[in-house]
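Notes for the structure review
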Amino acid sequence: MLDQTTKRKLDSARQILVGKVPDPKAQVEQITTALVYKFMDDMDKESEELGGEAKFFANGFSQYAWTKLLDNKLSGQERLDLYVQAITNMSKNPHIPQLFRDIFKGAFLPYNDPRTLSLFLKEINEFNYEHSENLGNAFEYLLSILGSQGDAGQFRTPRHIIDFIVEVVDPKKNETILDPACGTAGFLISAYKHILKTNKEKPLTPDEKLKLMNNLAGYDISPDMVKLALVNMYLHGFPEPKIHEYDSLTSEKRWDETFDVIMANPPFMTPRGGVVPHKRFSIQANRAEVLFVDYIIEHLNISGRGGIVVPEGIMFQTSNANQSLRKKMVEDGLYAIVSLPVGIFNPYSATIKTSVLFFDNSISKKVKDILFINVEADGYDLGAKRQKIEKNDLPEALQVITDWKNGKKNPSKKVFWVSKDEILNHSEVSLNYKTYFQTDHRGKSKWESVKLGDICKIRTGKKNVNEGNPNGKYPFFTCAQNHTYSDVFSFDAEAILIAGNGDVGTVTYFKGKFEAYQRTYVLTDFVNIEPKYLYFVLKNTLKDSVLQQKLGNTMAYIKLGAIQNFSFPLPPMEVQKKIMKKIEERENQIKEYENSIHKLKEDIKVKIFSE
């Protein structure tokens with residue numbers, strides 16, 4: 001837990017910088033550089049107090065010692081000049097570890113104001129170095145104020161989401177662990193803490209702890225993120241963090257390395273022109289999120305486990321790369337998908353809808369289904385400030401996944417299982433659970449269910465439609481509830497029409513000549529079903545189902561696959577006719593009631609104006 005005094009000091013340091021360094025990320029970099037500078041001097045003092053010598057500020061670099069930097073005899077400008085010389089030359093200091101040289105690589109002061117620097121260094125001087133949890137928490141807090149972490153679609157993963165993923169994956173003390181897009185090393189530090197916590201009864205020996213630290217590795221393409229990750233891990237007790245500036249998607253240098261555990265929240269955004277990956281990926285793609293998932297699958301050991309945050313589009317987008325990736329995931333380790341609510345990345349992004357994919361090659365070989373969990377709340381509201389709330393589906397999700405890993409299905413309103421065979425047989429290999437579950441108003445049925453695409457021909461209207469003519473001879477059906485008219489016709493049949501965009505899911509029955517817009521699905525050539533019966537089934541049940549699967553922001557639409565895969569119980573023809581007869585009787589009653597209501601309303605009007 002971060003103590004309030006340390007939090008106040010960090011906030012004060014940021015406030016001093018904000019006038020000269022408005023970018024939060026640049027503020028964090030300046031504080032990081034200054035803290036490491038101060039801590040090296042603290043360690044030198046500790047060494048001297050114990051009878052040793054200064055290790056960091058020795059020989060030609062002794063002039064840069066923190067104590068000399070804060071000497072009251074220096075003028076403000078002299079202090080600024082000395083500080084600039086120190087941070088720009090420190091990466092060449094042969095007396096400091098490579099880790100520290102990497103941290104100071106490219107360091108600079110982005111302002112030229114002696115007073116601001118003096119106030120800032122005075123605040124930093126309040127910190128004292130020690131390998132303590134509090135110091136690590138202080139840096140975690142510092143990182144938490146970051147907004148967008150660069151221009152590549154990286155967003156800071158909320159701590160509780162990282163911890164949830166780590167708990168599900170459950171890394172062990174002897175396992176190798178990788179985050180190939182590590183950012184500030186949140187997943188790696190959470191994994192480290194998790195392993196220490198799960199070994200509390202028999203704490204790790206110093207050798208085991210050192211081995212664990214060496215088993216944790218992270219890559220990031222951004223040198224700024226690498227620097228922050230190095231400091232973050234160092235402050236959490238890692239003497240030599242294994243963090244590398246490395247592009248996991250375009251470089252082959254580390255391709256042959258494999259790991260027991262991989263966890264990541266990789267960049268969602270693909271740069272303009274796409275990624276140009278090397279040739280060893282099994283999925284041919286230029287989208288970063290597709291390639292990262294493929295990378296993780298490729299780099300897990302035979303019994304490896306993984307958890308990865310992905311944009312929701314991976315579940316249903318129809319490109320060849322996405323479909324190939326989904327097929328590979330189902331066949332190669334995927335066992336659970338947790339859908340997270342929109343707004344989980346507030347305040348960094350309010351519109352990103354994400355899911356977490358969980359891989360375990362051992363479990364996947366034993367089960368025939370994929371587990372889907374729909375998390376609606378994560379313990380925080382979905383506004384910009386992300387205030388804590390009571391509703392939290394994550395503990396239940398963790399329990400359901402734990403049970404599933406042990407071969408037990410724990411049913412819930414938010415939990416679904418879909419067979420791998422059904423997913424692989426789907427025309428688009430969809431991993432959107434809504435594709436396989438419709439809202440059911442019918443309760444249980446003794447009749448076997450059929451898919452709509454198996455009992456009729458489903459076509460779309462014309463691309464170049466007649467714009468509609470009020471005096472035309474033929475009905476013209478579009479995405480609206482009411483049709484207009486046309487002078488030409490595309491179909492001459494008994495048909496059911498379904499609006500594919502706009503008023504998605506609206507159902508119409510028609511028999512005769514008509515024209516249909518290209519976004520209208522036209523059902524004809526019915527097999528073993530009365531068209532009028534099918535019309536009533538779809539009219540009463542289809543819309544709720546397709547609304548769950550609609551796409552698009554400005555104009556909603558539904559894909560052909562969602563219509564084809566809509567399923568419902570199909571009774572024999574004689575039963576259909578009996579049902580139809582009852583429905584027609586009820587409709588006639590409704591018409592009689594409507595006529596009576598209309599007559600009563602007219603009577604009311606007459607009385608109002610005649611009395």
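Quick caveat: nothing in here was measured; it's all calculated off a predicted structure.

Successive residues of a regular strand alternate their side chains across the two faces of the sheet. Bridging between strand 14 (residues 474–477) and strand 17 (residues 507–516) involves two bridges; their strand directions are parallel. Counted as the bridge partner of F477 is A516 from strand 17. With eight bridges joining them, strand 16 (residues 491–499) and strand 17 adopt antiparallel strand pairing. Residue pairing for strand 17: I498 is matched across the bridge by V507.

As summarised here, the arrangement of the six strands in space is 13-18-16-17-14-15, forming an open sheet in which the pairing is mixed. Pairing within the sheet leaves two strands with one partner each, and these edge strands are strand 13 (457–460) and strand 15 (484–486). If you compare each strand with its neighbour and ignore which way they point, the axes differ by 45° on average. Sheet analysis places strand 13 next to strand 18 (residues 520–524), joined by four bridges and oriented antiparallel.

This part is about the nonpolar core. Core analysis: the biggest nonpolar cluster contains 98 residues, and Y37, F100, F120, I165 and F358 have the highest contact counts within it. The biggest single contributor to this core is helix 2 (residues 24–49), with 10 residues. Not counting chain neighbours up to four residues away, the residues in contact with F358 comprise F164, I165, V168, V169, G306, G307, G333, L334, Y335, A336, V338 and I401. Among the nonpolar cores identified, the runner-up in size contains 44 residues, and A285, Y295, I296 and F416 belong to it.

Phi is positive for N59, close to 50°, though the residue is something other than glycine. Among the secondary structure elements, N59 is positioned in the loop between helix 2 and helix 3 (66–69). Classification of N59 by relative accessible area gives exposed; the value is 61%. Unlike most non-glycine residues, N528 shows phi in positive territory, near 60°. Residue placement: N528 occurs in the loop between strand 18 and helix 18 (531–549). Judged by its relative accessible area of 58%, N528 falls in the exposed class.

Spatially, the nine strands line up as an open sheet ordered 3-2-1-4-5-7-6-8-11, and their pairing is mixed. The sheet terminates laterally at strand 3 (242–245) and strand 11 (415–419), the two strands that pair on one side only. This sheet shows a mean twist of 15° between the axes of neighbouring strands, independent of strand direction. The pairing of strand 4 (residues 259–264) with strand 5 (residues 300–311) spans five bridges and is parallel. For A264, the partnering residue across the bridge sits in strand 5 and is I308. Strands strand 6 (334–339), strand 7 (354–360), strand 8 (369–374) and strand 11 of the sheet are contacted by helix 15 (residues 394–405), whose axis makes an angle of about 170° with strand 8.

Orientation of helix 8 (residues 159–169) relative to helix 9 (residues 186–198), taken along the N-to-C sense of each, is 55°, at an axis distance of 9 Å. Regarding the angle of helix 8 to helix 9, the classification is oblique. Helix 9 is crossed by helix 8, and the crossing has right-handed handedness. The segment helix 8 lies against helix 9, with R159, I162, D163, I165, V166 and E167 engaging G186, F187, S190, A191 and H194. For the contact of helix 8 with helix 9, a count of residues per class yields five nonpolar, three polar and three charged.

With 12 residues, helix 15 extends 16 Å between its outermost C-alpha atoms, agreeing within 8% with the 16 Å of an ideal straight helix rising 1.5 Å per residue. Taken as a whole, helix 15 has its buried residues at L394, A397, V400, I401, D403 and W404. Downstream of helix 15 by one or two residues, G407 has phi in the positive range, about 85°.

Let us now look at the side chain of N93. With respect to the helices and strands, N93 occurs in the loop between helix 4 (76–89) and helix 5 (98–104). Given the relative accessible area of 0%, N93 is considered buried. Reaching out from N93, the side chain makes a polar contact with the backbone nitrogen of H95 at a distance of 2.8 Å. If near-sequence neighbours (up to four positions away) are discounted, N93 is found in contact with F56, F61 and R101.

Basis of the calculations
Residues numbered from 1 in each chain as written. Predicted model: local features only at pLDDT ≥ 70, side-chain atom pairs only at ≥ 80, totals over all residues. Heavy atoms only, no water. Pairing = 2+ DSSP bridges. Helix = DSSP H or I, 4+ residues; strand = E, 2+ residues; numbered from the N terminus. Axes fitted to C-alpha atoms, helices over the stretch in contact; angles between N-to-C directions. Core = buried A, V, L, I, M, F, W, Y, C linked by side-chain atoms within 4.5 Å. Buried < 20%, exposed > 50% of the residue type's maximum accessible area, 1.4 Å probe, protein only. Contact = heavy atoms within 4.5 Å. Parallel < 35°, antiparallel > 145°, perpendicular 65-115°, else oblique. Left-handed = near helix turned anticlockwise from the far one by under 90°. Nonpolar A, V, L, I, M, F, W, Y, C, P; charged D, E, K, R; others polar. Expected span 1.5 Å × (residues − 1). Polar contact = N/O pair within 3.5 Å; in protein donor to acceptor, adjacent residues only side chain to side chain.

Function cannot be read off these values alone, since they describe shape.
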